[in-house]
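Observations on the model geometry
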Amino acid sequence: MKSTSEIKKILQAATIEELPEFVKEYARDERAGVKKLVETASKRMALLEKEKKRIEALRVYEEQYKDYSYICGIDEVGRGPLAGPVVAGAVILPKDCRILYINDSKQLSEKKREELYEIIKEQALSCAVGYATPQRIDEINILQATYEAMRHAIDNLACKPDILLNDAVTIPKVSIMQVPIVKGDAKSISIGAASIIAKVTRDRLMREYDQLYPAYDFAGNKGYGSAGHIEALKRYGPTPIHRKSFLKNLL
């Protein structure tokens with residue numbers, strides 16, 4: 001008979017798929033320690049089932065428009081910061097895609113976003129990003145720059161989408177059918193995936209800018225107007241990646 005510590009190691013090494021077999025094998029063990037381990041495994045299984053149901057609910061729009069061959073989710077990140085680009089993500093997932101834990105990127109930890117970024121890149125039929133630079137934002141305003149970044153993301157896809165599921169907006173100058181969904185990054189798996197791609201891409205870029213301009217803590221604030229960021233602006237002035245039009249009332 002295996003010791004409780006040996007069984008604990010088996011549970012720690014077990015994948016999600018192996019949990020049912022673990023519970024089946026040790027459910028009749030009367031030792032208190034083993035009972036706790038079985039209970040832990042059962043809770044993990046219950047959480048997994050709950051997550052699967054949540055993902056099915058996230059597929060409601062994908063099911064509604066399932067007759068379209070290529071359904072593309074669109075989202076952006078970075079409309080509010082004082083520095084850095086606005087970045088749009090565009091993702092076309094396979095019809096039967098059920099990547100667990102996809103959500104509005106703001107609801108996920110940085111570690112989970114990074115993990116999901118790699119999974120989405122691996123499983124997506126196509127995904128792409130589009131940018132609008134701080135200079136372009138100053139030139140045409142943040143809303144028009146956001147639309148431009150979204151159009152660039154669509155154009156950068158490897159295959160042309162038949163329908164766009166957008167987070168709240170309708171993008172001008174796009175001939176593809178669009179479905180704007182308010183808070184879509186928390187209601188559509190495709191838009192949620194796009195939000196993760198956009199967020200991770202922009203965060204990585206801001207960490208690179210932090211190496212160039214360490215006084216502003218871009219790695220920490222991602223260009224948003226934190227107290228430390230504003231203090232650095234007042235002390236050192238704006239960098240080339242600051243949005244001049246956003247600083248008029250600040251400096």
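Located above this text is the structure these notes cover.
So, a few notes on the structure that sits alongside this text. (Residues numbered from 1 in each chain as written. Predicted model: local features only at pLDDT ≥ 70, side-chain atom pairs only at ≥ 80, totals over all residues. Heavy atoms only, no water.)

**Comments concerning the side chain of arginine 243**
Which entries qualify depends on this criterion: Each helix corresponds to a stretch of at least 4 residues labelled H or I by DSSP, and each strand to a stretch of at least 2 residues labelled E; elements are numbered beginning at the N terminus. Note on exposure labels: buried denotes an accessible area under 20% of the residue type's maximum, exposed denotes more than 50%, and partly exposed covers the range between, all computed with a 1.4 Å probe on protein chains only. When charges are counted, neither His nor the chain ends are considered; positive counts come from Lys and Arg and negative counts from Asp and Glu. We define a salt bridge as a side-chain nitrogen of Lys or Arg found within 4 Å of a carboxyl oxygen belonging to Asp or Glu. Here a polar contact is recorded for every N or O atom pair within 3.5 Å, except that within protein the pair must consist of a potential hydrogen donor and a potential acceptor, and residues adjacent in sequence are included only if both atoms are side-chain atoms.
Tracing the backbone shows arginine 243 in the segment after helix 10 (227–236). As a buried residue without a salt bridge, arginine 243 has its nearest oppositely charged side chain in aspartate 138, at a separation of 6.8 Å. A polar contact is formed between the side chain of arginine 243 and the backbone oxygen of glycine 78, at a distance of 2.6 Å. Separated by 3.0 Å, the side chain of arginine 243 and the backbone oxygen of proline 81 make a polar contact.

**Observations concerning the pattern of salt bridges**
Inspection of every chain in the model, using the stated rule, returns 19 salt bridges. With a shortest N-O distance of 2.7 Å, arginine 54 and glutamate 51 are connected by a salt bridge. In this pair, arginine 54 and glutamate 51 both sit in helix 3 (residues 32–58), three residues apart, roughly one turn of the helix. With its nearest N and O atoms 2.4 Å apart, the salt bridge here joins glutamate 56 to arginine 98. With glutamate 56 in helix 3 and arginine 98 in the loop between strand 2 (86–92) and helix 5 (110–123), this pair connects stretches of sequence that are 42 residues apart. Taking relative accessible area as the criterion, arginine 98 reaches 38% and is therefore assigned partly exposed. Several salt bridges share partner residues, and in doing so they unite Glu110, Glu114, Glu118, Arg204 and Arg207 into one network.

**What about helix 7 (residues 142–155)?**
Counted only if it meets this: For a helix, the expected span equals 1.5 Å multiplied by the number of residues minus one.
A rise of 1.5 Å per residue sets the reference length of helix 7, with its 14 residues, at 20 Å; its end C-alpha atoms lie 20 Å apart and thus fit the reference within 8%. Within helix 7, 10 of the 14 residues are buried, which leaves the element mostly enclosed by the surrounding structure. Of all the residues in helix 7, the buried ones are Ile142, Ala145, Thr146, Tyr147, Glu148, Ala149, Met150, Arg151, Ala153 and Ile154. Where helix 7 begins, one side-chain oxygen reaches toward the backbone nitrogen of leucine 143, 3.0 Å away; that side chain belongs to asparagine 141.

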